[in-house]
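Given next are the chains, with one letter for each unit.
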Amino acid sequence: MTDPQVSFILDGREVQAPPGTTVLEAARKLGHAIPTLCHHPLLETIGRCGVCTVEREPAVLIPACSTPVEQGAVYHTGSPAVAAHRREVVKLLLSRHELACHVCDRHGECELERLVGRLGITDGSPVGLAAETFTDRSSTSVSLLGDHCLACGRCVALCDSLGWGALRLDGGLVQARSVDEPGLAGPRCTSCGQCALVCPSSALVPRSAVVPVESALMDRDRHCVAVLEPTAAAALMNELKVDAQPRLIGTLASLGFAGVVDSAWGADAYLAELADRLHRERPRAAIISPCEAVRRYVRLNRPELADWLPPESGPSQQAAVNWRQKVSPELGLAPGHCYLAQVATGTAAKEGVRRHSVDRERGLDAALTVRELTGLLRRLGMTPEKAKARGFTHLRGSRLGTMLGAPGAVADGLAVVWAQRSGSALPAPSGGFLPPAEEEREVEIPGGGPARVLVAHGGRPVQKALDRAVELSAEKGAPRVFLELYACP
Ligand code: SF4
Ligand code: SF4
Ligand code: FES
């Protein structure tokens, strides 16, 4: 038996939809564009902003994103009352957000800017009408600019859904804030940067490295090298619509990078150090993935597990250290004249640069996210079509490290390293796998017996995997536990 359908009229057209369908879903299915702000396809309904308002006869204004269609109802998605209400809502939001889009980093890719243009608004209510706002620049990875915040709640919902719970809307519901008193530098925030990806405004933004990188590129005395992560390369190729990696490398070279290094070069060293340590110390459990956000979470929230943390230098840091130690002397470059910038997918890499420069020898000078790099290329008018295809420079690794680009494959990489060392037959790699949020499997380590590998993505799965590893590692005679943990879903 088919489900009963709800019948209603939308913009003069008779429509049927399954019960529970929202007015927004029904309208979008018909191709009617209703503007939204707090609504996001990856998040549960928030229903805070009022931008998606539509009219239900007789003359009732309702939020389309959170209202299910009703039998016999008549809806108007673009009546004069609706248009006036949306404009008022957005103008109120703009009361503390100055429209200085042309000088904003998000210019051209900001949802608020698009919404304002679509509604034909040229100015907001006078800036300063709203309560005082708070800006948080305490984190090395993301900044929260209170006077740009629309209090839409997306970032709070996203961070909660990941299981980190680092954000809240403040008491007056004026803006998002960190749950921790010192701000986003506090222990709850992992620096994963996922919140900045859903912010519709310029309120949550990565701590940009564009200015220092650009000035290093313009400095004729500097030799600038980009360290490119495989996942960042894939994201850049997708973003810039480049179909071959040499063209992407050529694009980076045209920006002024004298060298472009594959971070897989450093992944060999990372795997070797990890394999040595696991062989030497034989810990009952160990985190084997180089995720900087997970490292931060464990250091600040589970300090009792700090011994499980992987080598201090992840693949990109290792590649940078290798370059400084081996290539720069060959090129006759003084250490101070070299500038190494990581190109990473996530903002946590910025935290890695800070931590490494404090705790260890100098490796990377900066970390640029894919978004920052594409923004810089666009601003300078550089397109891949103009670039000459080139290969990686200074590629001297076995490229085993490229496996680390596939989540879930670090254990495979380790198994290969151990097999090579013990002279055993190389194990068939699982080839990594497109992982679900959580995965548990057993692997045979050549000469090292069985190990249990736990793979987890996102806050809750990561926390659960850590708890499970504590349990498993306490069992007498149970296999060792290797954790591949990633903060992002
Ligand atoms: S960076 Fe990650 S952990 Fe920190 S507030 Fe944003 S989503 Fe939450
Ligand atoms: S920081 Fe961005 S996502 Fe978070 S409430 Fe403010 S505008 Fe919305
Ligand atoms: S988009 Fe519907 S209330 Fe915000």
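- In the nomenclature of an unreviewed UniProt entry, the protein is known as Ferredoxin of Candidatus Coatesbacteria bacterium RBG_13_66_14.

## Quick notes on the site of ligand 1
Link 1 in the chain: Taken together, Cys-159, Trp-164, Ala-166, Leu-167, Leu-184, Cys-189, Thr-190, Ser-191, Cys-192, Gly-193 and Cys-195 are the residues near ligand 1.
Link 2 in the chain: The residue inventory of the shell around ligand 1, partitioned by class, reads eight nonpolar, three polar and no charged.

## A word on the packing of aromatic side chains
To describe a pair of aromatic rings, one takes the distance between the centres and the angle between the planes.
Link 1 in the chain: Here the structure, examined in full by the defined rule, presents two aromatic pairs.
Link 2 in the chain: Taken together, a centroid distance of 5.9 Å and an interplanar angle of 75° make the contact between Phe-8 and Tyr-75 edge-to-face. Here the residue Phe-8 occupies a position in strand E1 (residues 6-10), and Tyr-75 occupies one in strand E5 (residues 74-76), the gap between them amounting to 67 residues.
Link 3 in the chain: Under the relative-accessibility criterion, Phe-8 is labelled buried at 2%.
Link 4 in the chain: Taking relative accessible area as the criterion, Tyr-75 reaches 0% and is therefore assigned buried.
Link 5 in the chain: One cation-aromatic arrangement involves Arg-177 over Phe-134; the distance from NZ or CZ to the ring centre is 4.2 Å.

## A few points about the site of ligand 2
Link 1 in the chain: Around ligand 2, a shell composed of Cys-149, Leu-150, Ala-151, Cys-152, Gly-153, Arg-154, Cys-155, Ala-176, Cys-199, Pro-200, Ala-203 and Leu-204 is seen.
Link 2 in the chain: Taken together, the residues that form the shell around ligand 2 break down as 10 nonpolar, one polar and one charged.

## Points about the nonpolar core
Link 1 in the chain: With 63 residues, the main nonpolar core has Leu-167, Leu-204, Leu-466, Phe-482, Leu-483 and Leu-485 as its most contacted residues.
Link 2 in the chain: Residues from two domains meet in this core; each of domain 2 (131-207) and domain 3 (212-486) gives at least three.
Link 3 in the chain: Here Leu-167 is in contact with Leu-144, Cys-155, Val-156, Cys-159, Asp-160, Arg-177, Ser-178, Val-179, Leu-184, Cys-195 and Leu-204, once residues within four sequence places are set aside.
Link 4 in the chain: Counting 30 residues, the second largest nonpolar core, distinct from the first, contains Ala-216, Ala-233, Tyr-339 and Val-343.

## With respect to the environment of Pro-290
Link 1 in the chain: Within the fold, Pro-290 resides in the loop between strand E13 (285-287) and helix H10 (292-301).
Link 2 in the chain: On the basis of relative accessibility, which here comes to 28%, the residue Pro-290 falls in the partly exposed class.
Link 3 in the chain: A C-alpha to C-alpha distance of 9.6 Å links Pro-290 and Ala-267, two positions 23 residues apart in sequence.
Link 4 in the chain: In this structure, Pro-290 is in contact with Tyr-270, Gly-314 and Pro-315, ignoring residues within four places of it in sequence.

## A word on the pairing of strand E7 (residues 142-145)
Link 1 in the chain: Residues Val-142 and Leu-144 line one face of E7 and the alternating positions Ser-143 and Leu-145 line the opposite face, and both faces are buried.
Link 2 in the chain: Bridging between strand E6 (residues 135-136) and E7 involves two bridges; their strand directions are antiparallel. Across the sheet, residue Asp-136 finds its bridge partner in E7, namely Leu-144.
Link 3 in the chain: Of the strand pairs in this sheet, E7 and strand E10 (residues 204-206) are connected by three bridges, and their pairing is antiparallel. When the sheet's bridge partners are listed, Ser-143 is paired in E10 with Val-205.

## Observations concerning the UniProt feature "domain: 4Fe-4S His(Cys)3-ligated-type" (unreviewed entry) in the protein
Link 1 in the chain: In the numbering used here, UniProt assigns the feature "domain: 4Fe-4S His(Cys)3-ligated-type" (unreviewed entry) to residues 81-120.
Link 2 in the chain: The distance separating the terminal C-alpha atoms of residues 81-120 is 16 Å; by composition the span is 52% helix and 0% strand.

## A closer look at the sheet that holds strand E11 (residues 223-228)
Link 1 in the chain: Spatially, four strands are ordered E12-E11-E14-E15 in an open sheet, and the strand pairing comes out parallel. Only two strands of the sheet have a single partner each, and these edge strands are strand E12 (259-262) and strand E15 (366-369). Direction aside, the axes of adjacent strands within the sheet are offset by 30° on average.
Link 2 in the chain: Relative to strand E14 (residues 338-344), E11 runs parallel, the two sharing six bridges. Residue pairing in the sheet places Val-225 in a bridge with Leu-340 of E14.

## Let's talk about the side chain of Thr-369
Link 1 in the chain: On the secondary structure map, Thr-369 appears in strand E15.
Link 2 in the chain: In contact with Thr-369, other than residues within four places in its own chain, are Ala-344, Gly-346, Thr-347 and Lys-350.

## Here we look at the environment of Ala-334
Link 1 in the chain: Among the secondary structure elements, Ala-334 is positioned in the loop between helix H11 (315-330) and E14.
Link 2 in the chain: Note: C-alpha distance between Ala-334 and Arg-324 (10 residues apart in sequence) is 9.5 Å.

## Some thoughts on H11
Think of an α-helix as 3.6 residues a turn; residues three or four steps apart then line up on the same face.
Link 1 in the chain: The end-to-end C-alpha distance of H11 is 22 Å, a good match for the 22 Å that 16 residues give at a rise of 1.5 Å each.
Link 2 in the chain: At Arg-324, H11 shows its maximal bend, which comes to roughly 35°.
Link 3 in the chain: H11 sits mainly inside the fold: 12 of its 16 residues count as buried.
Link 4 in the chain: Among the residues making up H11, those that are buried are Pro-315, Ser-316, Gln-317, Gln-318, Ala-319, Ala-320, Val-321, Asn-322, Trp-323, Arg-324, Val-327 and Ser-328.

## Observations regarding the sheet that holds strand E3 (residues 53-56)
Link 1 in the chain: In space, the five strands of this open sheet follow the order E2-E1-E5-E3-E4, with mixed pairing throughout. Edge positions in the sheet fall to strand E2 (13-17) and strand E4 (60-63), since each has one partner strand and no second. The average angle at which neighbouring strand axes cross in this sheet is 40°, direction not considered.
Link 2 in the chain: The pairing of E1 with E2 spans five bridges and is antiparallel. The residue of E2 that forms the bridge with Val-6 is Ala-17.
Link 3 in the chain: Of the strands in this sheet, E3, E4 and E5 touch helix H2 (residues 80-93), which is tilted by about 150° from E3.

## Notes on the pattern of salt bridges
Link 1 in the chain: Using the criterion set out here, one finds 17 salt bridges in the structure.
Link 2 in the chain: Of the charged contacts, one joins Arg-280 and Glu-281 as a salt bridge, the two residues approaching to 3.6 Å between their closest N and O atoms.
Link 3 in the chain: Residue classification places Arg-280 among the exposed positions, given a relative accessible area of 60%.
Link 4 in the chain: Judged by its relative accessible area of 48%, Glu-281 falls in the partly exposed class.
Link 5 in the chain: Two residues, Arg-296 and Glu-351, come together in a salt bridge whose shortest N-O distance is 3.7 Å. Of this pair, Arg-296 sits in helix H10 while Glu-351 is found in helix H12 (residues 348-359), placing the two residues 55 residues apart along the sequence. With respect to burial, Arg-296 and Glu-351 carry one shared label: buried.
Link 6 in the chain: Beyond isolated ion pairs, a larger network of salt bridges with shared partners links Glu-292, Arg-295, Glu-312 and Arg-355.

Rules of the game
- Residues numbered from 1 in each chain as written.
- Chains lettered and ligands numbered in written order.
- Predicted model: local features only at pLDDT ≥ 70, side-chain atom pairs only at ≥ 80, totals over all residues.
- Heavy atoms only, no water.
- Near = heavy atom within 4 Å.
- Nonpolar A, V, L, I, M, F, W, Y, C, P; charged D, E, K, R; others polar.
- Phe/Tyr/Trp six-rings, centres within 6.5 Å; stacked < 30°, edge-to-face > 60°.
- Helix = DSSP H or I, 4+ residues; strand = E, 2+ residues; numbered from the N terminus.
- Buried < 20%, exposed > 50% of the residue type's maximum accessible area, 1.4 Å probe, protein only.
- Lys NZ or Arg CZ within 6 Å of the ring centre and 35° of its normal.
- Core = buried A, V, L, I, M, F, W, Y, C linked by side-chain atoms within 4.5 Å.
- Domains from an automatic or database assignment.
- Contact = heavy atoms within 4.5 Å.
- Pairing = 2+ DSSP bridges.
- UniProt positions renumbered as here; feature names shortened; annotations may be inferred.
- Axes fitted to C-alpha atoms, helices over the stretch in contact; angles between N-to-C directions.
- Expected span 1.5 Å × (residues − 1).
- Bend = angle between axes of the 7 residues up to and from the residue.
- Salt bridge = Lys/Arg side-chain N within 4 Å of Asp/Glu carboxyl O.

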